[in-house]
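An overview of the molecular structure
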Amino acid sequence: MASPSDCAGWRELVSWDNLLASYRLAAQGKRGSAAVAAFEYHLGEGLLDLQGRLTDGTWQPGPYVHFAVHEPKRRLISAAPFADRVVHHALMRVIEPRFEHCFIGDSYANRRGKGTHAAVARMQQLCRRWPWVLRMDVRRHFPSIDHAILLQALHRRVPEPRLQHLIAQIVASGDGIHDDGFEPFAEDDLLAACRPRGLPIGNLTSQFWSNCYLDALDQLACRTLRCGGYLRYVDDFALFGPCKVQLAEQGQAVREFLARRLRLRVHERAAQVQATAAGVPWLGFVVFPDHRRVKARKVVAATRRLHAAWSAWCTGSITFGELDVRIQGWINHVRHADSWGLRTSVLGRFDLGPGTGGSMAASLPPHRRVVAQSLVRSPAG
């Protein structure tokens, strides 16, 4: 028989207030999509239906819609039905606080108050403090996450049977999505290939559970190996220290731990100890102790996207507001590096020229001349 404390977490999850708040979170920034609009049109009935199916145990994850993205590398993204995303948010609102206070401070992905740019700033702080760094990343991280190991880690802080069952349903929905080959480990038997593994990239739960899964690595680096510095963002992580040889030894300990405990491997070619003064590739930037640059391939990709947006605006395919949002989004990203010259070079290609921008445009920095153009030229002009 379940204890009152076992039932409290479940009651919180299926409560009307939690489901309504979870709907709002799932719909944030997506109110224009057909799936969100359809759910919102019958919002009360939809939430009551979810509440009823969760309460009586008949809820099942729906089918995913899969599509591929190719930047920075090819990834298979799996989008759950909108109602399922509401359930994911409802579950996270209940269990996330139980894990958050146990995570280390230098884990920066998918956490409030953290994020990419905070991780880049922290990388530079550590580069200023330590002369050597070993940067590593996990091979095929989300496809390789072992379900049994993940559930064991989650169940330690989620003891309620009904919550455990719901978690197991969502985890199991990712089995086979990334079924593109299995590399056995040294100690594997013939049944190892049958172990369920893989999380859908795109689920809110997958992003959070990645942190739960790799928390064991974080604790190893900070508590057992006692690295001089340590930093992780999803499956990218870096170890810092005063001695090149010591970092190499710690890197080997990390490889063995990942294989033995988490059934993960790292990209060996990139896992080399280097001087921090030489610059550390990190989350689209190259970070030096005294400055930051944007990675060259990111510049090429951004230039291609912005040129396509500019061309679309010139032909009337998109509004000026849509163009400006894309330009400002890129500026707000690269401003976290020493990028004034880069911005001038990339956005200067959209110069207005005589007769289209006038003297006002000529007096503005190149990355703002686009704004001036909107005052004197229609999108189709």
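These lines cover the structure that appears in this document, whether it is placed above or below. (Residues numbered from 1 in each chain as written. Predicted model: local features only at pLDDT ≥ 70, side-chain atom pairs only at ≥ 80, totals over all residues. Heavy atoms only, no water.)

**Remarks on the overall build of the protein**
For clarity, the cut-off: Working definition: helices are DSSP H or I runs of at least four residues, strands are E runs of at least two. Numbering for both runs from the N terminus. For the exposure calls, accessible area comes from a 1.4 Å probe over protein chains only, and a residue counts as buried if that area is under 20% of its type's maximum, exposed if over 50%, partly exposed in between. Note on contacts: a residue pair qualifies if any of its non-hydrogen atoms lie within 4.5 Å across the two residues. Areas reported as accessible are Shrake-Rupley estimates using a 1.4 Å probe. Residue values count occlusion only from the protein chains shown.
For the protein, the count of helices and strands is 16 helices and 9 strands. Burial statistics for the protein: of 381 residues in total, 46% are counted as buried. When contacts within the protein are restricted to residue pairs at least 6 apart in sequence, long-range pairs at least 24 apart make up 70% of them. Within the structure as shown, the protein displays about 18,900 Å² of accessible surface, and the carbon and sulfur contribution to it stands at 55%.

**Observations concerning a positive patch on the surface**
To keep things clear, this is the line we draw: Like-charged residues within 9 Å of one another, or nonpolar side chains (Val, Leu, Ile, Met, Phe, Trp, Tyr) within 5 Å, are grouped into patches, provided each residue has over 30% relative accessible area and no salt bridge. In what follows, salt bridge is the name for a side-chain nitrogen of Lys or Arg lying within 4 Å of a carboxyl oxygen of Asp or Glu. For the purpose of charge, His is not counted, nor are the chain termini; Lys and Arg are scored as positive and Asp and Glu as negative. By convention, the charge on Lys lies at NZ, on Arg at CZ, on Asp at CG and on Glu at CD.
The grouping of Arg156, Arg157, Arg260 and Arg261 at the surface amounts to a positive patch. For arginine 260, the location among the structural elements is in helix α11 (residues 244-262).

**Observations regarding the nonpolar core**
Note the following rule: Side-chain atoms within 4.5 Å are what join buried Ala, Val, Leu, Ile, Met, Phe, Trp, Tyr and Cys residues into a set we call a nonpolar core.
Of all hydrophobic cores here, the largest spans 102 residues; its most connected members are Leu13, Leu91, Ile95, Trp209 and Phe237. With 9 residues, helix α5 (residues 82-100) is the single largest residue contributor to this core. Not counting the four nearest positions on each side in its chain, isoleucine 95 is found in contact with Val158, Ile167, Phe208 and Trp209.

**Brief notes about the packing of helix α10 (residues 204-224) against α11**
Applied cut-off: In this analysis an axis means a line fitted to C-alpha atoms, helices contributing only their contacting stretch, and an angle means the value between N-to-C directions, from 0 to 180 degrees. The hand of a helix crossing depends on one turn: near helix anticlockwise from the far one by less than a right angle means left-handed, and clockwise means right-handed. All amino acids are sorted into three groups, where Ala, Val, Leu, Ile, Met, Phe, Trp, Tyr, Cys and Pro are nonpolar, Asp, Glu, Lys and Arg are charged, and the leftover types, Gly among them, are polar.
At a minimum axis distance of 11 Å, the contact between α10 and α11 shows a crossing angle of 145 degrees. The handedness of the crossing between α10 and α11 is right-handed. Facing Tyr213, Leu214, Ala216, Leu217 and Leu220 of α10, the residues of α11 in contact are Val254, Phe257, Leu258 and Leu262. Residues that form the contact of α10 with α11 fall into these classes: 9 nonpolar, no polar and no charged.

**Quick word on the packing of helix α13 (residues 320-334) against helix α14 (residues 340-347)**
Stated formally: When an angle is under 35 degrees it counts as roughly parallel; over 145 it counts as roughly antiparallel; between 65 and 115 it counts as roughly perpendicular; any other value is oblique.
Packing of α13 against α14 leaves a shortest axis separation of 10 Å and a crossing angle of 155 degrees. Classed by the angle they form, the pair α13 and α14 counts as roughly antiparallel. The crossing of α13 and α14 is right-handed. Here α13 contributes Ile327, Trp330, Ile331 and Val334 to the contact with α14, which in turn contributes Leu342, Arg343, Val346 and Leu347. Its residues assigned to classes, the contact of α13 with α14 shows 7 nonpolar, no polar and 1 charged.

**Observations concerning the sheet that holds strand β3 (residues 132-137)**
Note the threshold: At least two bridges found by DSSP between two strands are what make those strands a pair.
Pairing within the open sheet is antiparallel, and its 4 strands lie in the order β4-β5-β3-β6. Each having just a single partner strand, β4 (229-233) and β6 (273-275) make up the two edges of the open sheet. Averaged over all neighbouring strand pairs, the angle between strand axes comes to 25 degrees, with direction disregarded. By the bridge criterion, 3 bridges tie β3 to β6 in an arrangement that is antiparallel. The partner of leucine 134 across the bridge, within β6, is valine 273. Each of β4 and β5 (236-241) touches helix α6 (residues 116-129); the most contacted strand, β4, lies at about 160 degrees to it. Sheet contacts for α10: β4 and β5; angle to β4, the most-contacted strand, approximately 170 degrees.

**Considerations on α14**
Using the following cut-off: For this quantity, the arc is that covered by the directions from the helix axis to the C-beta atoms.
Those residues of α14 that fall on the buried side of the exposure criterion are Arg343, Val346 and Leu347. Axial view of α14: buried residues confined to an arc of 80 degrees, hence all on one face.

**Quick look at the side chain of aspartate 235**
The residue aspartate 235 is located in the loop between β4 and β5 in this model. With relative accessibility at 13%, the residue aspartate 235 sits in the buried group. If near-sequence neighbours (up to four positions away) are discounted, aspartate 235 is found in contact with Met136, Asp137, Val138, His141 and Leu214.

**Observations concerning the packing of aromatic side chains**
Keep this limit in mind: Side-chain rings of Phe, Tyr and Trp, where Trp is taken by its six-membered ring, are said to pair if the distance between their centres is within 6.5 Å; with planes under 30 degrees apart they count as stacked, over 60 as edge-to-face, and otherwise as tilted. Put simply, a charge is over a ring when the Lys NZ or the Arg CZ is close to the ring centre, within 6 Å, and near the line of the ring normal, within 35 degrees.
Enumeration according to the criterion identifies 8 aromatic pairs in this entry. Relative to phenylalanine 320, the ring of tryptophan 313 has its centre 5.9 Å away and its plane inclined at 65 degrees; by these criteria the two rings are edge-to-face. Owing to a relative accessible area of 1%, tryptophan 313 belongs among the buried residues under this scheme. Of the aromatic side chains, those joined through ring pairs into one cluster are Tyr23, Phe39 and Phe82. Its end group placed over the ring of tyrosine 108, lysine 114 keeps NZ or CZ at 4.7 Å from the ring centre. Between the NZ or CZ atom of arginine 265 and the centre of the ring of phenylalanine 185, over which it lies, the distance is 3.9 Å.

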